[in-house]
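Structural description and commentary
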Amino acid sequence: MILVDEPRWPARGRLWSHLVSDVSYAELHAFAEMLGAPRRGFDRDHYDIPENRFRMALWLGATLVAPREVAARLRVAGLRRPKHLNRPPAL
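Residues numbered from 1 in each chain as written. Predicted model: local features only at pLDDT ≥ 70, side-chain atom pairs only at ≥ 80, totals over all residues. Heavy atoms only, no water.

With respect to the environment of Leu35
Mapping Leu35 onto the fold places it in helix α1 (residues 25–35). The exposure class assigned to Leu35 is buried, which follows from its relative accessible area of 8%. (Helix = DSSP H or I, 4+ residues; strand = E, 2+ residues; numbered from the N terminus. Buried < 20%, exposed > 50% of the residue type's maximum accessible area, 1.4 Å probe, protein only.)

Written out as structure tokens, the structure is:
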């Protein structure tokens, strides 16, 4: 299932939403492509989408959820990739 939270995250003069799948990254990438989200919007386990694409995501079938539910559903699905796992190990 594709999930999206409300655009409330400020960056670069806009508000942004998180778009995720609790099924697979393949499902997420396919949905993002339909939405017209560039691949560079993908960040480890989610897409950051600007507020002007939020309503289109809902129209295409994304389910609106609270921000905490986004992370929780990713963890349950085994698709969460926290930032600290991207860092090289300390020496």
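Concerning the pairing of strand β3 (residues 14–21)
Within β3, six of the eight residues are buried, which leaves it mostly tucked inside the rest of the structure. One ladder, built from three bridges, connects strand β1 (residues 2–4) with β3; its direction is antiparallel. From the neighbouring strand, Val4 faces β3, where its bridge partner is Leu19. The pairing of strand β2 (residues 9–11) with β3 spans three bridges and is antiparallel. What sits directly across from Pro10, in β3, is Leu15. Hairpin connection from β2 to β3: two residues lie between these consecutive antiparallel strands, with Arg12 at a positive phi of about 50°. Where β3 and strand β5 (residues 46–50) come together, four bridges link them in antiparallel fashion. Bridge assignment links His18 to a residue of β5, and that residue is Asp48. (Pairing = 2+ DSSP bridges.)

Section: the pairing of β5
With respect to burial, β5 is a largely interior element, four of its five residues being buried. Here strand β4 (residues 42–43) pairs with β5 via two bridges, running antiparallel. Along β5, the bridge assignment pairs Asp43 with His46. With antiparallel pairing between neighbouring strands as the criterion, β4 and β5 make up a hairpin whose turn holds two residues, including Arg44 at a positive phi of roughly 65°.

Things to note about unusual backbone geometry
What is expected of a backbone is that most residues other than glycine have negative phi and most peptide bonds are trans. Not every positive phi belongs to a glycine, and Arg12 is a case in point at roughly 50°. Positionally, Arg12 belongs in the loop between β2 and β3. With a phi close to 65°, Arg44 is a non-glycine residue in the positive phi region. Note on placement: Arg44 falls in the loop between β4 and β5. Owing to a relative accessible area of 15%, Arg44 belongs among the buried residues under this scheme.

Points about the pattern of salt bridges
Inspection of every chain in the model, using the stated rule, returns four salt bridges. Put simply, Asp43 and Arg44 hold a salt bridge, and the shortest N to O gap is 3.0 Å. On the basis of relative accessible area, Asp43 is assigned to the partly exposed category, the value being 28%. Among the charged side chains, a salt-bridge network with shared partners connects Asp22, Glu69 and Arg73. (Salt bridge = Lys/Arg side-chain N within 4 Å of Asp/Glu carboxyl O.)

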